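Chain by chain, the residues run as shown.
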Amino acid sequence: MKRIILSLILVSLIAVFAVNSSQAYLSDTETSNSNSTTAGSLNLNLVAGYLSVTDPITASGLTPGGTVSRFVAFQNSGTIAISRVGATSVFLSGFSYLYNKLGLRIYDAPSYVRGALLLDTNLKDLSNYTIWTTLAPLGATTGIRDVEVYLPSDVDGSYQNLTTTWQFNFLGQQ
Amino acid sequence: MKRIVLSLIVLALAGSVAIGATRAYFSDTETSTGNTFSAGTLDLNLDSGNTNVVKFTVSNKAPGDTGTGTWTIKNVGTVNGFLDVQPITLSDDDNNCNEPEAAVPDATCGSVGGGDLSANMNVDLFVDANNNTIYDVGGDTPIYTGLLSGIATAGYDSSIALNAGATNYITLNWGIPTTAGNIIQSDSSTLGMTFELGQTAAQ
């Protein structure tokens, strides 16, 4: 009886070995690792010291024909070039009656010196205007414009003592 | 009695000799030596080699950018095989967190392993039979199409027949949609792929 059991065990082991052997097919693998894609960055900045969130255009006591202006300087601190900067004006508060009447002029301003007049329109009509093109990455260049807001000389007395607040949005695009 | 026994033994031996003599028929032998049995080889080459292939390392990409990479797969062995593309590994990093990305907002802004690029990047992985980097309907075999983040780490047991000496191509086209936006700024994705040539389709 003992011999029979040993024989059966031996036969089983041989069978298992045979099955495993039949699964040892040929194979080969090659790898392609470390393929990487990295996005760049695009970051439009308003140069400090000129028109900015913390340094807006403010004017009080303007009379008909009066103006107030500020330089605005753009810089790209990202790694991807900015091909265009769009400018939009948005009314925030106060008298829209006055806001709708204000005029806007944008001048070229190389080296922070007023140059050629580029745009003369109503402030309310400033919508995605191309105020600058091509800003190289990593702050290599600076785009400078002179922004002037004015109260037209033909306004009547109904505009006296009115106040308005608006916002310039500058959008840098790749 | 002893003599009788000896006589019987002598007779028996004589009989044996006689029988042996009657069996000496004509005969001839021929040989078949040198029969050999050799195992074949199954050897996969990737881009003509056996070392890791870094197919693309692209940086400073932006929405709207696209690219392509094609692996040349060759069975340089003597046994026909079947090709699988697995396992696949994928990792993301957010790297830096600049002001536009933070403003999205991006909850993983700047974190290691928290990048958003693979979830905003389309890929098309296919067997490019004619090696033209374009998916040809009816001619090419798709492996995976969709967002890179959706690619599985396993399961592409494609069992693409690759006979001994045959070459095939696998292309990966990628593109970052123009709708991706600032959430991917400076993010990176790293893709690892393993090509396995097996003797059987079931491997």
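Starting from 1, residues in each chain are numbered consecutively following that chain's sequence as written. Chains carry letters and ligands carry numbers; both start at the beginning, A for chains and 1 for ligands, and go up in the order they are written. Only residues with pLDDT of 70 or above have their local features reported here, since the model is predicted, and side-chain atom pairs are shown and tallied only from 80 upward, although totals for entire chains, interfaces and linings are computed over all residues. With hydrogens and water excluded, all non-hydrogen atoms of the structure serve as input to the side-chain values.

A separate point is the overall build of chain A. Going along the chain from the N terminus, every DSSP run of H or I of four or more residues is numbered as a helix, and every run of E of two or more is numbered as a strand. Of regular secondary structure, chain A possesses two helices and nine strands. For chain A, the succession of helices and strands along the chain, N to C, is α-β-β-β-β-α-β-β-β-β-β. A sequence separation of at least 24 residues applies to 77% of the contacts in chain A between residues at least 6 apart. Whether two residues are in contact is decided by their heavy atoms, any of which lying within 4.5 Å being enough.

A word on the sheet that holds strand E7 (residues 160-162) of chain B. Strands were regarded as paired on the criterion that DSSP finds at least two bridges between them. Strands sit in the order E2(B)-E1(A)-E9(B)-E4(B)-E7(B) across an open sheet of five strands; the sheet is mixed. Pairing within the sheet leaves two strands with one partner each, and these edge strands are strand E2 (57-61) and E7 of chain B. Averaged over all adjacent pairs, the angle separating strand axes in this sheet is 25 degrees, with direction ignored. Sheet topology places strand E1 (residues 27-39) of chain A next to strand E9 (residues 188-198) of chain B; 10 bridges connect them, and they run antiparallel. Bridged to Thr-29 of chain A within E9 of chain B is Glu-196 of chain B. Where helices are involved, their axes are fitted lines through C-alpha atoms of the stretch in contact, as for all axes, and angles between N-to-C directions lie from 0 to 180°.

Another aspect to go through is the packing of aromatic side chains. Residue and element names in this part refer to chain A. Side-chain rings of Phe, Tyr and Trp (the six-membered ring for Trp) are treated as a pair once their centres are within 6.5 Å; stacked means planes under 30 degrees apart, edge-to-face means over 60, and tilted covers the remaining angles. One pass over the full model with this rule turns up 10 aromatic pairs over all chains. An aromatic cluster of at least three residues, connected via ring pairs, comprises Phe-74, Trp-166, Phe-168 and Phe-170. A ring has a charge above it when a Lys NZ or an Arg CZ is no more than 6 Å from the ring centre and no more than 35 degrees off the ring normal. In this arrangement the basic side chain of Arg-105 is found over the ring face of Tyr-150, its NZ or CZ atom lying 3.8 Å from the centre. If you follow Arg-114 out to its NZ or CZ, it ends over the ring of Tyr-107, 4.0 Å from the centre.

Turning our eyes to something else, we now look at the interface of chain B and chain A. With 49 residues of chain B in contact, the opposing surface of chain A contributes 23 residues. Note on terms: buried area is the combined drop in 1.4 Å-probe accessible area of two parts once they are placed together, counting the loss on both. Interface of chain B and chain A: buried area, both sides summed, is about 2,900 Å²; carbon and sulfur atoms make up 45% of it. A per-residue breakdown of the area chain B buries against chain A is headed by Asn-52, Asn-60 and Gln-199 of chain B, which together make up 16% of the total. The working definition used for a salt bridge is a side-chain nitrogen of Lys or Arg within 4 Å of a carboxyl oxygen of Asp or Glu. Put simply, chain B and chain A have zero salt bridges between them. Mapped onto the side of chain B that touches chain A, the elements with two or more residues apiece are strand E1 (44-46), E2, helix H2 (99-102) and E9 of chain B. With 11 residues, the top contributor of residues to the side of chain B that touches chain A is E9 of chain B. Classification used: nonpolar for Ala, Val, Leu, Ile, Met, Phe, Trp, Tyr, Cys and Pro, charged for Asp, Glu, Lys and Arg, polar for all others including Gly. Among the residues forming the side of chain B that touches chain A, the class breakdown is 20 nonpolar, 23 polar and six charged. Two strands pair when backbone bridges link them, and E1 of chain A and E2 of chain B are joined in this way by three bridges, in the parallel orientation. Opposite Thr-37 of chain A, over in E2 of chain B, you have Val-58 of chain B as the bridge partner.

Our focus in this paragraph is the nonpolar core. One finds Trp-71, Ile-73, Leu-125, Ile-170 and Phe-195 of chain B to be the most contacted residues of the largest nonpolar core, which totals 33 residues. Counting only elements with at least two residues in this core, the list comes to E1, strand E3 (66-75), strand E4 (81-93), strand E5 (122-127), strand E6 (141-147), E7, strand E8 (167-175) and E9 of chain B. When residues of this core are assigned to their parent elements, the largest contribution, four residues, is made by E9 of chain B. As used here, the term nonpolar core means buried Ala, Val, Leu, Ile, Met, Phe, Trp, Tyr and Cys residues forming a set that is joined through side-chain atoms within 4.5 Å. Buried means the residue's accessible area, taken with a 1.4 Å probe over protein chains only, is under 20% of the maximum for its type, while exposed means over 50%, and partly exposed covers the values in between. In terms of nonpolar packing, the next biggest core, distinct from the first, is built from 31 residues, Ile-80, Ile-82, Leu-119 and Val-149 of chain A among them.

Turning our attention to unusual backbone geometry. Residues and elements named next belong to chain B. For the bond from Gln-86 to Pro-87, the omega torsion is 0 degrees, close enough to zero to count as cis. With respect to the secondary-structure elements, Pro-87 resides in strand E4. Following Val-104, the chain continues into Pro-105 via a peptide bond in cis, with omega recorded as 5 degrees. One non-glycine residue, Asn-131, lies in the positive phi region at around 55 degrees. In this fold, Asn-131 is placed in the loop between E5 and E6. You can call Asn-131 partly exposed: its relative accessible area is 36%.

What follows is about the pairing of E5 of chain B. Residues and elements named next belong to chain B. Of all six residues in E5, five are buried, a share of seventy percent or more. As judged from the six bridges shared by E5 and E6, these two strands associate in the antiparallel manner. In the strand pairing of E6, Asn-122 is matched with Leu-147. Here E5 runs beside E8; their pairing, made up of six bridges, is antiparallel. Of the residues in E8, the one forming a bridge with Val-127 is Ile-170.

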